[in-house]
Each structure stands twice: as C-alpha cells, then as structure tokens.
Amino acid sequence: MPLRVIFLCVVALMSSSVVADDRPNFVFILVDDLGYMDIGANNPDTFYETPNVDRLAQEGIRFSDGYAANPVCSPTRYSILTGKYPTRVDATNFFAGKRESTFRPAPLNDRMPLEETTIAEQMRHAGYKTAFLGKWHLGPTEAYWPDRQGFDLNVGGHVRGLPKSYFSPYKNPRLEDGPKGEYLTERLTNETLNILEQYQDDPFFLYLAFYTVHTPLQAPQDLVQKYRKKAEQFSGLAEFAEEEQVWPNAPKRQVRILQKHATYAAMVEVMDTSVGRILEKLKQLGIDDETVVCFFSDNGGLSTSEGSPTSNLPFRGGKGWLYEGGIREPMIIKWPQGGQSNVVRGEAVSSVDFYPTFLEIAGIEASQDLQLDGVSLVPLLTGGHLEDRSLFWHYPHYSNQGGFPGGAIRTGNYKLVERYEDGRTHLYNLADDPGEEHDLSSENPTQVARMRKELHQWYKDVDAKFLQPNSPDQTPWRP
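No experiment lies behind these values; they were computed from the predicted model shown. By convention here, each chain's residues receive numbers from 1 onward along its written sequence. Only residues with pLDDT of at least 70 get local features here, since the model is predicted, and only at 80 or more are side-chain atom pairs given and counted; chain-wide, interface and lining totals rely on the full set of residues. Excluded from the side-chain calculations are hydrogens and water; all other atoms, namely the structure's heavy atoms, are used.

Caption draft 1: Inspection of helix 2 (residues 51-59) at higher detail. Under the scheme applied here, a residue whose accessible area is under 20% of the maximum for its type counts as buried, over 50% as exposed, and between as partly exposed, the area being computed with a 1.4 Å probe on protein chains only. In this text, helices come from DSSP runs of H or I with a minimum length of four residues, and strands from runs of E with a minimum of two, each type numbered from the N-terminal end. Among the residues making up helix 2, those that are buried are N52, V53, D54, L56 and A57. We call two residues contacting when some pair of their heavy atoms lies within 4.5 Å. Of the surrounding elements, those touching the buried residues of helix 2 are strand 2 (61-63), helix 7 (262-284), strand 9 (291-297) and strand 11 (332-334).

Caption draft 2: Structural context of the side chain of S350. Checked against the element boundaries, S350 lands in strand 13 (residues 349-350). With near-sequence residues (within four places) excluded, S350 lies in contact with Y67, A69, R389 and L391.

Caption draft 3: Examining the sheet that holds strand 15 (residues 406-411) more closely. Only when DSSP finds a minimum of two bridges between them are two strands counted as paired. Judged by pairing direction, the sheet is antiparallel, and its 4 strands sit side by side in the order 14-15-16-17 without closing on themselves. A strand with exactly one partner marks an edge of an open sheet, and here the two such strands are strand 14 (390-395) and strand 17 (425-429). Neighbouring strand axes in the sheet, compared pairwise and without regard to direction, differ in orientation by 15° on average. Sheet analysis places strand 15 next to strand 16 (residues 414-419), joined by 6 bridges and oriented antiparallel. Its bridge partner being in strand 16, A408 is matched across the sheet by V417. Each of strand 14, strand 15, strand 16 and strand 17 is contacted by helix 11 (residues 445-461), which is oriented at about 65° to strand 16, the strand it contacts most. Here an axis means a line fitted to C-alpha atoms, over the contact stretch when the element is a helix, while the angle between two N-to-C directions is reported on a 0 to 180 degree scale.

Caption draft 4: The arrangement of the sheet that holds strand 5 (residues 153-155) in detail. Reading across the sheet, the 8 strands line up as 5-4-6-1-9-11-2-12 and stay open at both edges, with mixed pairing between neighbours. Two strands in the sheet have a free side with no partner beyond their single neighbour: strand 5 and strand 12 (343-345). Each strand of the sheet is rotated relative to its neighbour by a mean of 15°, with strand direction disregarded. One ladder, built from 3 bridges, connects strand 4 (residues 129-134) with strand 5; its direction is parallel. In the strand pairing of strand 5, F132 is matched with N154. Its contacts with the sheet place helix 2 against strand 2, strand 9 and strand 11, and it is angled at close to 60° to strand 11.

Caption draft 5: Inspection of the nonpolar core at higher detail. Buried residues of nine kinds, namely Ala, Val, Leu, Ile, Met, Phe, Trp, Tyr and Cys, make up a nonpolar core once their side-chain atoms join them within 4.5 Å. Ranked by internal contacts, the top residues of the largest apolar core, which has 53 residues, are I29, L34, L196, M271 and F295. Residue assignment for this core shows that the elements contributing at least two residues are strand 1 (25-31), helix 2, strand 4, helix 5 (184-199), strand 6 (204-209), helix 6 (221-231), helix 7 and strand 9. No other element matches helix 7, which puts 12 residues into this core. Formed by 44 residues, the second largest nonpolar core is a distinct cluster that contains A68, F205, I361 and A362.

In structure tokens form, the structure reads like this:
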C-alpha cells in the first residue's frame, strides 16, 4: 500500500476516534417515589434539604410540568427505557401487582419484552459503554435483567422493587454485601464513582436508579435525629386530611398534608448528597462539560399509605393516583452543550421523551422499525419550542395507595380524568387549579367531549385493556 494511502487511513482513523470521544456522556439519575414538592428547586418551603439537586437545576433546565407515564414504578421505568407508553404491552401496573376490588384489574404483563430495543441497546450499538445501578423491577427472572437489555454492567438490578434492607447485609443477588451497617444509597453512589473512573475515556451511558426513597423507611440515625429536631417547629400542626377511598365499605384514606417525616427527610438528604458527589466526580475527571445529567422520579411521592411519608400539596393525591400528585415529577436536564442553564420550561413533557432526546443529543440515528411515542426535547433544551400535543395515562388497576382505576389526558392546561369503574369524567384547568379541586365538566361539556374523543382514540391506538368482571353478572364499563 502506498505511503500516502497509509497516512490517509491513519488520519481517518484518528478523526473517527476524535469524533467518538467528543460524543456526550449521559448520567441518568432516577429516584424512586420522590415527590415533585420534595426538592427545594420546586418547593422553597420543603422540609427536606436538597442543595445539590437544586444546584443541578440552576446549572440546567427544570421542567415544571414533567410527568411520569404512570403513577407507579415499573410502567414508568419501561417508558424511559423504550420511549413508549407502557400500555402498548400491557405493562400498566408495578410488576406484579394484581389487586382486586369491585372488579378485577386489566391483564398485566409483568416483564419488559426482550424484543424491545432499549435506549441502552441503542447506545451500546453506537459504541457507548453502558452501566446500570440500582432498582430494575422490569422482569421476573434473570433473563429480563439489565445485562440482557443493553447494559454492560449491572450493579444491584434484579426482580425486586424494594430492598430487603437499606443497611448491609442487603441480600441482593446483584450486589455483594458490604460491611455490616453500610447504607445502600451510599454504596450505589460509591459504585457509580468507580464506574465513572473506568469509563471516563470513552462515551458512556450510566443509569443510576436509586432504591431510595422507597420503603422500607430506613436511614442513618444521626440524620434521623437531625430531622426529628427540625420537625419540632411543626408541633401541633395537622399532618393528615381525608382523601377518597376506592375500597368498598372502607373509611376515607388519610393523605399527608405536612412534610415532617424525619426518616424520609434523612433518606432524601443521603440521596441529595449522593447527587452532589456524582457532580463533583464529573468535575474532578474533567468531563462535566461533556456530560448530560438527568434527574427524575418514577412516580409521585408516597402520601396515602405505607407510612405516608411525604406531602405533595398543592397537588392532590400521590403515588398510585392519576391526580397530579401521582404523576407530576421533579425533572431536570443539564446539557452543557445545549447552551441553556437556570431555565424553567412550562411545557408538559413525559418520561417517554427521554429516549428520543438522548438519541438526538448523541447523534444516533434511530432504527427504522423503532416506534416511539415520545418526542425529542432538544428544541426546549436549546431555547426553542415544541409543537402542541396531548399526553396520556392509562391505569386500569386498584392501586395499593387507594387510587382508582382510570385514564387521563392533558391538552394544554386542561386535564381530563376518566374513571374506569363507571366512566365518569372530571375536567380540570391546571393553570388555575393545580390541586384538581374544581371539576369543570358540567361547565365545559364541549371541551370534555373533545378530549374524551382523543383519549378514546388513543386507547385504540395502544390497544388498551380495561377492568374485568368479578362475577358473571357484572359488566364493567368500556369506552
């Protein structure tokens, strides 16, 4: 081969390497059950202390109307990894929740199909190193775990949706026990820092899905004591109020209306400190300016059961509810190369949007046969706008937290909620009524009809399933 040809080949290879090295890295941080009002960036009066997450919001873009695709965990996690509404594969409840009441719930698929092309698979195919840490909860056997869905490394991800203990021994088949008393959130953060050191010279996609702040409510005792002292200022104030209850013949469920749970606050602080450690590590490695950092929660804060540790006010409900408290999430994206920081965007966006956003930022061409429900948020991340669209929810289940089976659609500032037991609808203007207290259905039947028609068409498009009879004489409502 002539010397000039060899030289040109070497230059081409070097150029290709430079291009690859210049591609942005991704650190996606998912917190379990963290409420919208649990971070200071969204709620300056929060009881919890989140200086590092708040700093991330200042350095990036905070979405005031960011939504999970479902009010419980597994479906939202499916939507993040696939860019699709989980209803398309009947992954509509946490895996494998099948609680019954007046009716039986819709059929539930309790695994993310291996046929799905996950964002991790797309990244790995494009030359990215990939790693998953924390809670998976997307399949019943090892065949469905992270290393079978595009991740080179899997630290702590398996079938369970909550840890047996936040303190070692963890009894986690994908995480060796540490010294007795080691705290799980800190351990996963240590593992994350180690992986960042390993991956720093190559483009990477790192997905850290904290188990915290999910139950069991456990935290280091020194921090718990700190917040018990802090909570004394709220002595004598009402902590709970009544909320509707879907279980027959049951009293109204209590919903927390005051943030003061010391153990929960301590769990939030450890999480926030971990976020700070990760941001600092990126700076130490000199890769913070070339790393996209995302922060999100899989559903609303737990406010009506299992200890009811947080309040989502002014939003109604919480985890397991189609009200805003169950689906509106803390959502932050920091993309240094996007040129936007300390910005708040008010457009309604969804967890299905992460996938196409990451593809566009990374310059990855999506597979031709890939069907995505989300849209790229790059226009918002660079100061532009998105075309108007509606967002949808489908939850044909009785939640453990007392939430009713139903669907919802948001179009502009209007949100329509449809109950699956009897087909009743409620219309809210979220701009004037974020707490969903004033039903406008009777005042605006035209808007109800328009949104209901669009919602019912979406049911058909995604092949939505509905409640099943509990006895031969029952006929559940159908759209």
